[in-house]
Amino acid sequence: MSRLDHWFEGMARQSARRVSRRHWFSRFGAVLVGGAALPLLPVARAAEKHTLGEDGVKGPEGDPTRCEYWRHCAIDGFLCSCCGGSHTACPPGTEMSPVTWIGTCRNPADGKDYIISYNDCCGKTYCGRCMCNRNEGERPLYHWYRNNDINWCGGAKAQTYSCSTAVVVKTAKEAQPEK
Amino acid sequence: MKRLVATLGILLMTQSAAADSYEEHDYILNCSGCHRMDGSGSRTVPPLDAMPELSGKPGAREYWIRVPGAAQAPLSDARLAALMNWLVERFTGKTVEPAYTAKEVGELRRNPLRDPIERRKAILRLPAR
């Protein structure tokens, strides 16, 4: 036991001889301040973006600007979040179509199915960015009920398709049977 | 603190609006895309809030199941019957008497209308029962 005591004593005396108290305080202070300032750096914030995204979902599935975003499971079109709007709002100068393609998607954060309305934004030329064509649960045109290839801008004032949104309507009672 | 937690819990529970019944769920998923959530329809889709015009007229009961939207909906006969009992009451304000059964709906939907608009006009010309 005394050997351990001696060893510690030796270490403590050696560090007291070599390292000044001020030096130690300055280093310790730097660690404290540096640790607190780290999240302010743009690098840290960029990394944070993908830790917890929209709707409490991690990674690309929680990022409304990505095709992988969980609400985009049945989408077919350009993402409005990439075209000057957001996943729930139309870009300026376009009008949200009142008629819409509706499906269900499962939110990976809570494992529940949600009814999603893919309202198209109409009135300006097609966006052309972030094409996303996942179509989960879609059926061929002869099942017109479950086909999204018609122009949903038919109900809007202008028929030109620009991009698509993904709005949560409600939690679903069950997943769409075609899935 | 406990009260705060309880309040937050209640708020969270009421936050995510769930479809209350299968009828409402089926309506949102299968009808509301075109007829819209409030049934007002659009330039190209007939409004459901015009249903009271037909209410009580002979043939209206059968017509509502034989229109393309109802007859071709990807739902079982039982689910369609339940949905239509709910839907007719919601948009006409009157309960369906007697209620649609899966058997009745099954027979009607297998005989869909070729010209629903013409059929509707014909029903409207008839006097109410």
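Residues numbered from 1 in each chain as written. Chains lettered and ligands numbered in written order. Predicted model: local features only at pLDDT ≥ 70, side-chain atom pairs only at ≥ 80, totals over all residues.

S.K.: Can you help me understand the overall build of chain B in this one?
M.R.: Within chain B, the regular secondary structure consists of 8 helices and 0 strands. Of the regular secondary structure in chain B, the N- to C-terminal order runs α-α-α-α-α-α-α-α. Taking as baseline every contact in chain B between residues at least 6 positions apart, the subset at least 24 positions apart corresponds to 64%. (Helix = DSSP H or I, 4+ residues; strand = E, 2+ residues; numbered from the N terminus. Contact = placed C-beta atoms within 7 Å.)

S.K.: Got a minute to help me understand unusual backbone geometry in this structure?
M.R.: When glycine is set aside, most residues are seen to have a negative phi, and most peptide bonds are trans. At the junction of Glu-97 of chain B and Pro-98 of chain B, the peptide bond is cis and its omega measures out at -15 degrees in the coordinates. Along the chain, Pro-98 of chain B turns up in the loop between helix H6 (77-92) and helix H7 (102-109). One non-glycine residue, Asp-55 of chain A, lies in the positive phi region at around 60 degrees. Its place among the elements puts Asp-55 of chain A in the loop between helix H3 (42-48) and strand S1 (76-78). The phi torsion at Cys-130 of chain A lies on the positive side, around 55 degrees, for a residue other than glycine. With respect to the helices, strands and loops of the structure, Cys-130 of chain A is situated in the loop between strand S5 (120-122) and strand S6 (131-133). By C-beta crowding, Cys-130 of chain A is classed as partly exposed, having 18 other C-beta atoms within 10 Å. (Buried ≥ 20, exposed ≤ 12 C-beta atoms within 10 Å, placed from the backbone.)

S.K.: Please explain the sheet that holds strand S2 (residues 95-96) of chain A as it appears in this structure.
M.R.: Adjacent strands of a sheet pair through backbone hydrogen bonds, lying either parallel or antiparallel. With respect to topology, 3 strands assemble into an open sheet ordered S2-S5-S7 (chain A), the strand pairing being antiparallel. Here the strands that pair on one side only, and so sit at the sheet edges, are S2 and strand S7 (161-164) of chain A. (Pairing = 2+ DSSP bridges.)

S.K.: Sorry if this is basic, but what is going on with the interface of chain B and chain A here?
M.R.: Interfaces are often sized by the accessible area lost when the parts come together. Taken residue by residue, the interface counts 19 residues in chain B and 17 residues in chain A. Those elements that place two or more of their residues in the side of chain B that touches chain A are helix H2 (22-30) and helix H3 (32-35) of chain B. When residues of the side of chain B that touches chain A are assigned to their parent elements, the largest contribution, 4 residues, is made by H2 of chain B. A breakdown of the residues in the side of chain B that touches chain A according to their chemical character gives 10 nonpolar, 7 polar and 2 charged. (Nonpolar A, V, L, I, M, F, W, Y, C, P; charged D, E, K, R; others polar.)

S.K.: What exactly am I supposed to notice about the nonpolar core here?
M.R.: As a rule of thumb, nonpolar side chains are buried together in soluble globular proteins. In terms of nonpolar packing, the biggest core is built from 51 residues, with Ile-115 of chain A together with Met-84 of chain B touching the most fellow members. Looking at this core, the elements with two or more residues in it are strand S3 (101-106), strand S4 (113-118), S5 and S7 of chain A together with H2, helix H4 (60-66), H6 and H7 of chain B. With 7 residues, the single largest contributor to this core is H6 of chain B. Residues within four places of Met-84 of chain B in sequence aside, it is in contact with Trp-64, Ile-65, Ala-70, Tyr-100 and Val-105 of chain B. (Core = buried A, V, L, I, M, F, W, Y, C linked by C-beta atoms within 7 Å.)

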